[in-house]
Amino acid sequence: MNHIRRTSGGATGRWAVVLAAALVSTLAVTEVSGAQGAGAAEPVGLAAPASTTADVVTTIAGTGAAGFNGDNVPALSAQMNGPSGIAHDSHGDVYFADEGNNLIRKISAATGNVITVAGTGTLGYNGDNRSATTAQLAGARDLAIDSHDNVYVADFYNNRIRKVDTAGTISTIAGTGVFGYNGDSRAATTAQLEYPSGIAIDPTGNIYFTQYWDSRVRKIDTSGTITTVAGAPATPNFNDGIAATSASLSWPMDVVFDSAGNIVVSDLGTERVRRIDTTGVITTVAGLPDKTYYNGGYNGDNQPATKAELNHPYGIAIDGTGNLLIADLDNQRIRQVDAAGVITTIAGTGASGFNGDGLPATSTQLNFASQIGFDAAGHLLISDLLNERIRMVAPGTTGSITGVLHGPGGEAAAGVHVVVYSATGWWVTVGSTTTAADGTYQLGGLPPAAYRLRVTDFQGRYRNGWASGRLTQPTGDAYTVPSGGSVAVDLTLAARPVGKIVGTVTAGPDAAPKANVELQLFDGLDPSHGYVMSGKTDSFGHIHLTHVPDGAYYLRIIDRDHMYAPIWFHGVAPPLNRVGTAPVGVSGGTPSLIGIHLT
């Protein structure tokens, strides 16, 4: 295990960051060699905690921008437009359906570049038995790869199942191109389809796919004959424990096989995942069994999966140990159902968005993750639809940031709030803690990445700011946590003197002194902009706020006589979750003079 400290000068040198704020300016960074300051004891670092293994999320393809910027582009520079189905071949290449671009593409394991496998980028159908890269597709939604590396595509709007062989030739193996249903037990190429969505191949080479519109699961056997294996009964019946061909489905999106040969289907409209066993009986394995139509939700994890609400289950997969994974689309989560039937979240926070890479999987935001699959090493891959990225969930060895905080006289800075932010995301909070009585702190469970620290003393004893020495945004020094290691960041905090804010409030056309006006101060140096204190004008309209810690503030002005509307001083309100330029400053104990006129 590594234990890293920043040193300066000789072996006894130590960097200490003095957080000294100039009025609405920058923080000063002071290098201290040897002792930490007059009378200060040399800080003693904490022992690094044992490293742990936690799943982290990284992007393996996509820029976050929707579009198409060419072929043979490095995966992290390649634009995409609505990534969907995902799979890998025997060479380790990762294939994905670029649905909005009407393409099937792959990430080459050999080069790391993205290459088009099928489609021209133009929505349509222009025939078969031709090079797949000259063939039009129409909203290709999912794909599967057989043991010979042939690629099968659910060509959604073309109402066809297409095959791209290893020579790169495309053909239709099911569907006429006409939307509809004209019966089963016939050659699959003569059967009408209704929006094929998910697709899978069983161990013997039979192909299964879901039909989104008429809510069926159909099978193409190795002789090319098509049949229905679930859904679309003559009489609607959403019950469990019945023959799958007598059971109703509602917009089934995906299909996979578990290790026992059972068929597993994500039934989006009923907010369930259902299983068809080898005898053809259907049951619910996740989601509430009494759900029948499109009313999803979220009621927590760590409970039986059949008591858990889902919210549009979309892509599904079975991992190498038999766990069922579910892309819970509108819950912005990837859920796992283990062998005991217990559901948990393994990725996603429940909030849609993008908050960077390298974070623990359950601290990483997703943006309507639609489909999931695996790479050749068994790592979970996610088509993060509206983030326009392919993302990977893989174990990462975590480390920590530890250290000790002292005050300017060498005293232990107890009770100081320490927050760690991602160095690559904007205001992405990773963790926080409060210093102990001896000034020590420890932030553990951090995946290998670069981080920034911010300290806030809510007791007003020390100046608040970034350990990097910057005030207005998380830039400057970053502390890199190595795999399984610990970084020690010891800080000496500058004192935060107190001053005062004085002045006068007047109102109306004659600028008469205004009494009973409340002035509320909000911290301008912390992104949370917490309330600090308040006071009221006296009968002469005088402002006299004392014991105000040095810093920058936003000032809210409220007339408690309700004659004038509340305003922010100089019209400047605190920006959301970031530091801006606050209009009122207190520095060095010097009174800050302000004048306010209400109209």
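Residues numbered from 1 in each chain as written. Predicted model: local features only at pLDDT ≥ 70, side-chain atom pairs only at ≥ 80, totals over all residues. Heavy atoms only, no water.

**Q** Sorry, what's going on with the overall build of the chain here?
**A** Counting its secondary structure elements, the chain contains zero helices and 52 strands. Burial statistics for the chain: of 599 residues in total, 55% are counted as buried. If you sum the accessible surface of the chain, you get close to 22800 Å²; carbon and sulfur atoms cover 52% of it. (Helix = DSSP H or I, 4+ residues; strand = E, 2+ residues; numbered from the N terminus. Buried < 20%, exposed > 50% of the residue type's maximum accessible area, 1.4 Å probe, protein only. Areas by Shrake-Rupley, 256 points an atom, 1.4 Å probe, with all protein chains shown as cover.)

**Q** Would you explain the packing of aromatic side chains in this entry?
**A** Two measures describe an aromatic ring pair: the distance that separates the ring centres and the angle between the ring planes. Under the criterion given, the structure shown has twelve aromatic pairs. Both rings, one in Phe-156 and one in Tyr-157, keep their centres 4.8 Å apart while their planes meet at 90 degrees; by these two values the pair is edge-to-face. With relative accessibility at 3%, the residue Phe-156 sits in the buried group. Take Tyr-157: its relative accessible area is 43%, and that puts it in the partly exposed class. Arranged with centres 6.1 Å apart and planes meeting at 80 degrees, the rings of Tyr-195 and Trp-213 form a pair that is edge-to-face. Taken together, the residues span a long stretch of sequence, with Tyr-195 in the loop between β16 (186-187) and β17 (196-201) and Trp-213 in the loop between β18 (207-211) and β19 (216-220) at a distance of 18 residues. Feature note: the residues Phe-156, Tyr-157, Phe-179, Tyr-195, Tyr-212, Trp-213 and Trp-251 constitute an aromatic cluster, connected by ring pairs. Here Arg-160 stacks its cationic end above the ring of Tyr-125, 3.8 Å away from the centre of that ring. Across the ring face of Tyr-298, the terminal group of Arg-333 is positioned such that the distance to the ring centre comes to 4.0 Å. (Phe/Tyr/Trp six-rings, centres within 6.5 Å; stacked < 30°, edge-to-face > 60°. Lys NZ or Arg CZ within 6 Å of the ring centre and 35° of its normal.)

**Q** Help me understand the pairing of strand β14 (residues 160-164) in this model?
**A** Walk down a regular strand and you will see the side chains alternate between the two sheet faces. Counting buried residues in β14 gives four out of five residues, a clear majority hidden from the surface. By the bridge criterion, five bridges tie strand β13 (residues 151-155) to β14 in an arrangement that is antiparallel. If you follow Val-153 over to β14, its bridge partner there is Arg-162. From the end of β13 to the start of β14, which pair antiparallel, there are four residues, and Asn-159 there has a positive phi angle of about 50 degrees. Bridge count between β14 and strand β15 (residues 169-174): four bridges; the pairing is antiparallel. Residue pairing in the sheet places Ile-161 in a bridge with Ala-174 of β15. (Pairing = 2+ DSSP bridges.)

**Q** Before we go on, may I ask you to explain the sheet that holds β14 in this structure?
**A** Either a parallel or an antiparallel arrangement is found when strands of a sheet pair, and the pairing is made through backbone hydrogen bonds. Taken together, five strands build an open sheet; the order of strands is β11-β15-β14-β13-β12 and the sheet is antiparallel. On the outer flanks of this sheet lie β11 (130-131) and β12 (140-145), each paired with one strand and no other.

**Q** What is the right way to look at the layout of surface pockets in this model?
**A** Using a probe with the size of a water molecule, rolled over the atoms, empty space left in the structure can be pinpointed. Taken as a whole, the largest pocket holds about 1000 Å³ of empty space. Lining the largest pocket are 46 residues, with Ala-144, Ile-145, Ile-199, Ala-200 and Ile-201 positioned closest to its centre. Considered class by class, the residues forming the lining of the largest pocket number 23 nonpolar, 13 polar and ten charged. Residue lining of the second largest pocket: 15 residues in total, with Arg-275, Val-285, Leu-324, Val-337 and Asp-338 positioned closest to the centre. For the lining of the second largest pocket, the class distribution of residues is eight nonpolar, four polar and three charged. (1 Å grid on protein atoms, 1.4 Å probe; cavity = no way out; pocket = protein on both sides within 12 Å on 5 of 7 lines; lining within 4 Å. Points joined across faces, edges and corners; volume = space filled by probe spheres on them. Nonpolar A, V, L, I, M, F, W, Y, C, P; charged D, E, K, R; others polar.)

**Q** What should I look at first to understand the environment of Phe-368 in this one?
**A** Considering the arrangement of structural elements, one finds Phe-368 in the loop between β31 (359-360) and β32 (369-374). Between the C-alpha atoms of Phe-368 and Asn-387, which are 19 residues apart in sequence, the distance is 8.0 Å.

**Q** I'm lost on the environment of Val-57 in this one. Help?
**A** Position of Val-57 relative to the elements: it lies in strand β5 (residues 53-61). Considered as a pair, Val-57 and Thr-362 are 305 residues apart in the sequence and their alpha carbons are 8.9 Å apart. When near neighbours in sequence (up to four residues on either side) are disregarded, Val-57 contacts Asp-357, Gly-358, Leu-359, Ala-361, Thr-364, Arg-391, Met-392 and Val-393. (Contact = heavy atoms within 4.5 Å.)

**Q** I tried to follow the pairing of strand β44 (residues 498-507) on my own but got confused; where do I start?
**A** Of all ten residues in β44, seven are buried, a share of seventy percent or more. Judged from the six bridges that link them, β44 and strand β48 (residues 542-549) form a sheet pairing that is antiparallel. From the neighbouring strand, Val-502 faces β48, where its bridge partner is His-544. With seven bridges joining them, β44 and strand β52 (residues 592-598) adopt parallel strand pairing. The partner of Thr-504 across the bridge, within β52, is Gly-595. Linking two consecutive strands that pair antiparallel, namely β44 and strand β45 (residues 512-513), is a turn of four residues; a positive phi of about 80 degrees is found at Gly-508 within it.

**Q** What should I look at first to understand the sheet that holds strand β8 (residues 94-98) in this one?
**A** The strand order across the open sheet formed by five strands is β6-β10-β9-β8-β7, and the pairing between neighbours is antiparallel. What marks the edges here is a single partner per strand, and that holds for β6 (73-74) and β7 (83-88). Summarising the sheet, β6 and strand β10 (residues 113-118) pair through two bridges and their orientation is antiparallel. Bridge pairing links Pro-74 to Asn-113 in β10.

**Q** Is there a simple way to explain the confidence of the model for the chain in this structure?
**A** As a general rule, the predicted coordinates of low-pLDDT regions are not to be interpreted in detail. The pLDDT averaged across the chain works out to 85; a share of 87% of its residues lies at or above 70. Within the model, pLDDT remains below 50 along residues 1-51, and this stretch shows 132 contacts once partners closer than five positions in the same chain are excluded. Note on residues 469-475: pLDDT under 50 across the span, and 27 contacts to partners over four residues away in sequence or across chains. (pLDDT = per-residue confidence, 0-100.)

**Q** For this particular structure, what's the right way to read the pattern of salt bridges?
**A** Side chains that carry opposite charge are capable of pairing whenever their charged atoms lie near each other. Tallied over the entire structure, the rule returns 17 salt bridges. Close ionic contact of Arg-391 with Asp-357 constitutes a salt bridge, the shortest N to O distance being 2.9 Å. On the criterion of sequence distance, the pair formed by Arg-391 in strand β34 (residues 389-397) and Asp-357 in the loop between β30 (342-347) and β31 is long-range, its members being 34 residues apart. Residue classification places Asp-357 among the partly exposed residues on the basis of a relative accessible area of 25%. The salt bridge involving Asp-561 is made with Lys-514; its shortest N-O contact spans 2.7 Å. Note that Asp-561 is positioned in the loop between β49 (551-559) and β50 (567-568) and Lys-514 in the loop between β45 and β46 (517-523), a separation of 47 residues in sequence. Residues participating in the shared-partner salt-bridge network are Asp-128, Asp-155 and Arg-162. (Salt bridge = Lys/Arg side-chain N within 4 Å of Asp/Glu carboxyl O.)

**Q** Explain the environment of Thr-116 here, please?
**A** Considering the arrangement of structural elements, one finds Thr-116 in strand β10. Considered as a pair, Thr-116 and Thr-133 are 17 residues apart in the sequence and their alpha carbons are 7.0 Å apart. Beyond its immediate sequence surroundings of up to four residues, Thr-116 is in contact with Phe-68, Asp-71, Leu-103, Ile-104, Arg-105 and Thr-133.

**Q** Would you mind showing me how to read unusual backbone geometry here?
**A** Comment: phi is negative for the bulk of residues other than glycine, and the bulk of peptide bonds are trans. Its identity is not glycine, yet Asp-149 carries a phi of approximately 75 degrees, on the positive side. Note on Asp-149: relative accessible area 13%, which makes it buried. Of note in this structure, Phe-368 is not a glycine but carries a positive phi near 60 degrees.

**Q** Before we go on, may I ask you to explain the side chain of Asn-323 in this structure?
**A** Along the chain, the position of Asn-323 falls in the loop between β27 (313-318) and β28 (324-328). Residue class for Asn-323 comes out buried when judged on its relative accessible area of 12%. Engagement of the side chain of Asn-323 in a polar contact is seen with the side chain of Thr-321, the distance being 2.9 Å. (Polar contact = N/O pair within 3.5 Å; in protein donor to acceptor, adjacent residues only side chain to side chain.)

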